[in-house]
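Below, each chain spelled out in residue letters.
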Amino acid sequence: MVPREACLSRLATALVLLVTITSSSGLVTTRPSKPLIYSAPTTPRTRSTLSSSPDSEQDESSPLQISISNLLLKFRTASSEGFGTRARNVASTCQAGDIVVPLCADLGKRRLLAERGIYPGVEYLICDLRDAGATGESFATAEVGMNLQEQPSLGTKTAQDRIAAIRPAYPLRAHLERPDWPVTVQLSDVPLWLSKTTYEAGTALGTLMLAGSYLAMASLVATIVRIAVIPSESMMPALIPGDVVLVTRSVLPPKVGDVVFFDPPPSIDEAVANSKIGRATKTASADVDGSPTISVVSTKGKQFIKRVVAVPGDNVGVYKSNPYVALCNKNTNECKFRVDRTGEYSKPDIFPDESWNRVTPTINANLGDAEDKERTSVLGKNEYFVAGDNGFRSVDSRVWGPLDRQYIFGTAQYILFPPAHFGRIANGNMAITDVLQ
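All of these numbers come straight from a predicted model, not from anything done at the bench. (Residues numbered from 1 in each chain as written. Predicted model: local features only at pLDDT ≥ 70, side-chain atom pairs only at ≥ 80, totals over all residues. Heavy atoms only, no water.)

Caption draft 1: Quick look at the overall build of the protein chain. When helices and strands are tallied, the protein chain shows nine helices and 18 strands. Long-range pairs, those at least 24 residues apart, make up 73% of the contacts in the protein chain with a sequence separation of at least 6. As displayed, the protein chain has an accessible area near 24200 Å², and 55% of this comes from carbon and sulfur atoms. (Helix = DSSP H or I, 4+ residues; strand = E, 2+ residues; numbered from the N terminus. Contact = heavy atoms within 4.5 Å. Areas by Shrake-Rupley, 256 points an atom, 1.4 Å probe, with all protein chains shown as cover.)

This is the structure in structure tokens:
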């Protein structure tokens with residue numbers, strides 16, 4: 001098991017780095033670094049909170065170390081008093097000079113308390129404190145009794161009940177200030193009184209848990225949904241540069257016609273490196289030993305978006321720059337062809353000729369006679385043939401071969417922005433023909 005001190009230390013460090021601690025519930029406009037000091041009798045007592053004046057050793061420490069030490073001490077103190085519903089009520093142990101925080105979940109009671117100047121979640125300085133029925137010169141029992149008689153009791157009176165004169169430990173907003181500070185309150189009228197240390201530690205812990213839940217939700221959404229911006233003209237006219245699309249992670253295998261969002265496979269870089277430009281760059285950039293010193297282009301950190309032309313098991317080829325799938329009847333040996341009319345690439349001579357005419361999904365076979373154009377090979381398991389709708393600007397499976405499913409994140413179905421293009425992504429330009437032409 002991890003020692004308790006180590007857990008507290010790690011939690012304190014995380015809190016200092018991730019959240020800004022606040023304990024005011026939004027009622028405070030300014031918060032001095034030290035609480036306002038009012039004249040009130042105090043009794044010697046070892047405080048659970050830290051001194052507001054750091055000692056010589058703290059002065060030599062960095063601000064981060066001081067913050068961590070202070071927060072760690074607060075958590076140690078608060079852990080002994082409990083958190084949330086298990087927090088210890090300090091109504092019976094607090095003393096004059098302490099800073100306490102009233103809490104109340106009952107909305108009706110909160111309103112009545114607010115009318116008396118007792119705002120849940122605000123830190124109050126106890127100016128004076130007496131047991132019920134006690135007398136004292138600094139705390140006029142008669143005045144207190146008269147004040148309390150004018151106010152309905154919100155709690156259960158007990159023989160050990162205590163009456164306190166309290167005022168906010170820091171300035172409040174103007175509409176919450178009162179001219180009659182300090183106000184008197186019977187401590188039993190408030191359901192729960194927390195020490196300042198416990199309240200601040202609980203607020204910090206709650207803030208961290210809320211931040212953690214938001215981060216967890218964001219992480220979950222990021223694994224399911226992505227927003228992508230179209231950077232090029234390769235998918236025109238369905239998608240134009242600047243379109244923002246919604247991409248959802250694929251659960252089922254992509255279908256023909258789906259627009260997929262994927263990480264680049266290594267074959268893309270290989271195809272570009274083996275192109276005319278790639279070979280020329282290697283030659284021009286070779287050093288004295290003859291090894292290349294400059295790479296043409298890298299797809300690292302980039303993502304692509306293309307349309308699925310063929311799925312595993314399909315017979316795929318490319319004819320006159322257009323990828324096609326042979327749909328053959330095994331009984332009659334008659335074939336039709338589903339052709340994706342992408343069009344010719346803008347600079348076809350950059351890549352090998354078989355990129356634009358071949359009978360295999362991979363670029364590994366030369367064309368034979370004219371009849372070979374109707375003989376295709378089958379895509380393997382988890383292999384997809386993808387192409388851009390605008391073949392004039394698209395480097396796709398025609399150039400670098402099939403795309404393995406492991407690189408596919410998901411499918412894009414909707415355009416989110418701009419508003420003029422909002423809606424489902426249009427279908428591609430696929431058609432079934434009897435002959436290739």
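Resuming the write-up.
Caption draft 2: Up close: unusual backbone geometry. The omega torsion across Trp181 and Pro182 is -5°, close enough to zero to call that bond cis. Within the element layout of this structure, Pro182 appears in the loop between strand 3 (162-168) and strand 4 (183-186). The amide bond that connects Phe417 to the next residue, Pro418, takes the cis arrangement and shows omega of 0°. With respect to the helices and strands, Pro418 occurs in the loop between strand 16 (408-417) and strand 17 (423-424). At Ser321, a residue that is not glycine, the phi angle is positive and equals roughly 75°. Summarising the element assignment, Ser321 is placed in the loop between strand 10 (315-319) and strand 11 (322-328).

Caption draft 3: Seen up close, the environment of Thr362. Positionally, Thr362 belongs in the loop between strand 12 (335-340) and strand 13 (377-378). What makes Thr362 partly exposed here is its relative accessible area of 27%. Sequence separation between Thr362 and Ser397 is 35 residues; the distance between their C-alpha atoms is 8.2 Å. (Buried < 20%, exposed > 50% of the residue type's maximum accessible area, 1.4 Å probe, protein only.)

Caption draft 4: Molecular detail of the pattern of salt bridges. The full count for this structure, using the stated rule, is 10 salt bridges. With a shortest N-O distance of 3.1 Å, Arg111 and Glu115 are connected by a salt bridge. You can see Arg111 and its partner Glu115 sitting in helix 4 (residues 107-115), four residues apart, about one turn around the helix. For the salt bridge of Arg116 with Asp189, the shortest nitrogen-to-oxygen distance reads 2.9 Å. Of this pair, Arg116 sits in the loop between helix 4 and strand 2 (124-131) while Asp189 sits in the loop between strand 4 and strand 5 (192-195); the two residues are 73 residues apart in sequence, bridging distant segments of the chain. The class for Asp189 is buried, based on a relative accessible area of 3%. (Salt bridge = Lys/Arg side-chain N within 4 Å of Asp/Glu carboxyl O.)

Caption draft 5: Summary view of the nonpolar core. One finds Ile166, Val185, Leu187 and Trp193 to be the most contacted residues of the largest nonpolar core, which totals 26 residues. At four residues, strand 2 tops the list of elements feeding residues into this core. What Val185 contacts, discounting residues up to four positions off in sequence, is Ile118, Arg162, Ile163, Ala164, Ile166, Val190 and Trp193. Listed in part, the 16 residues of the second largest apolar core include Val308, Ile350, Phe351 and Val399. (Core = buried A, V, L, I, M, F, W, Y, C linked by side-chain atoms within 4.5 Å.)

Caption draft 6: How the structure looks around the sheet that holds strand 10. Spatially, 13-10-11-12-18 is the arrangement adopted by the five strands of the open sheet, whose pairing is antiparallel. The two strands at the open ends of the sheet, each matched to only one other strand, are strand 13 and strand 18 (430-433). Here strand 11 runs beside strand 12; their pairing, made up of five bridges, is antiparallel. When the bridges of strand 12 are listed, Val325 appears paired with Arg338. (Pairing = 2+ DSSP bridges.)

Caption draft 7: Region of the structure containing the layout of surface pockets. As a volume, the second largest pocket reaches approximately 730 Å³. In this structure, the second largest pocket is lined by 30 residues; those nearest its centre are Ser232, Phe304, Lys306, Arg393 and Val395. Among the elements of the structure, strand 6 (225-229), helix 7 (266-273) and strand 9 (304-310) are those that each provide at least two residues to the lining of the second largest pocket. When the residues that make up the lining of the second largest pocket are grouped by side-chain class, the tally is 18 nonpolar, eight polar and four charged. (1 Å grid on protein atoms, 1.4 Å probe; cavity = no way out; pocket = protein on both sides within 12 Å on 5 of 7 lines; lining within 4 Å. Points joined across faces, edges and corners; volume = space filled by probe spheres on them. Nonpolar A, V, L, I, M, F, W, Y, C, P; charged D, E, K, R; others polar.)

Caption draft 8: Representation of a nonpolar patch on the surface in the model. A cluster of nonpolar residues, Ile227, Tyr414, Leu416, Phe417 and Phe422, forms a patch on the protein surface that exposes about 510 Å² of accessible area. With respect to the helices and strands, the residue Tyr414 is situated in strand 16. Exposure remark for Tyr414: the relative accessible area of 34% places this residue in the partly exposed category. (Patch = residues over 30% accessible without salt bridge, like charges linked within 9 Å, V, L, I, M, F, W, Y side chains within 5 Å.)

Caption draft 9: Representation of helix 7. For helix 7, the set of buried residues is Ser267, Ile268, Ala271 and Val272. Around the axis of helix 7, the buried residues are gathered within 135° of arc, so they sit on the same side. (Arc of directions from axis to C-beta.)

Caption draft 10: Region of interest: helix 6 (residues 196-224). Here helix 6 spans 42 Å end to end across 29 residues, near enough to the 42 Å set by a 1.5 Å rise per residue. Turning to helix 6, its buried residues are Lys196, Thr197, Thr198, Tyr199, Glu200, Ala201, Ala204 and Leu208. (Expected span 1.5 Å × (residues − 1).)

Caption draft 11: View of the side chain of Asp161. Relative to the assigned elements, Asp161 resides in the loop between helix 5 (141-149) and strand 3. On the basis of relative accessibility, which here comes to 6%, the residue Asp161 falls in the buried class. At 2.9 Å, the side chain of Asp161 and the side chain of Gln186 are in polar contact. Looking at Asp161, its side chain comes within polar contact range of the side chain of Ser188, at 2.8 Å. Residues within four places of Asp161 in sequence aside, it is in contact with Asp131, Ala132, Gln186, Leu187 and Ser188. (Polar contact = N/O pair within 3.5 Å; in protein donor to acceptor, adjacent residues only side chain to side chain.)

Caption draft 12: How the structure looks around the environment of Arg249. As for its placement among the helices and strands, Arg249 is situated in strand 7 (residues 244-249). A relative accessible area of 40% means that Arg249 is categorised as partly exposed. If we ignore the near neighbours within four places in the chain, the residues touching Arg249 are Thr223, Ile224, Phe409 and Gly410. Here the side chain of Arg249 touches Thr223 through a polar contact of 2.6 Å, landing on its backbone oxygen.

Caption draft 13: Spatial organisation of the packing of aromatic side chains. Tallying each qualifying case throughout the model produces seven aromatic pairs. Ring centres of Phe261 and Phe409 lie 6.3 Å apart, and the angle between their planes is 85°; this geometry places the pair in the edge-to-face category. Here Phe261 is found in strand 8 (residues 259-262), whereas its partner Phe409 is found in strand 16, with 148 residues between them in sequence. One exposure class covers both Phe261 and Phe409, and it is buried. Connected via pairs of aromatic rings, a cluster forms that spans Phe262, Phe304 and Trp400. The side chain of Arg226 reaches across the aromatic face of Phe409, ending 4.0 Å from its centre. (Phe/Tyr/Trp six-rings, centres within 6.5 Å; stacked < 30°, edge-to-face > 60°. Lys NZ or Arg CZ within 6 Å of the ring centre and 35° of its normal.)

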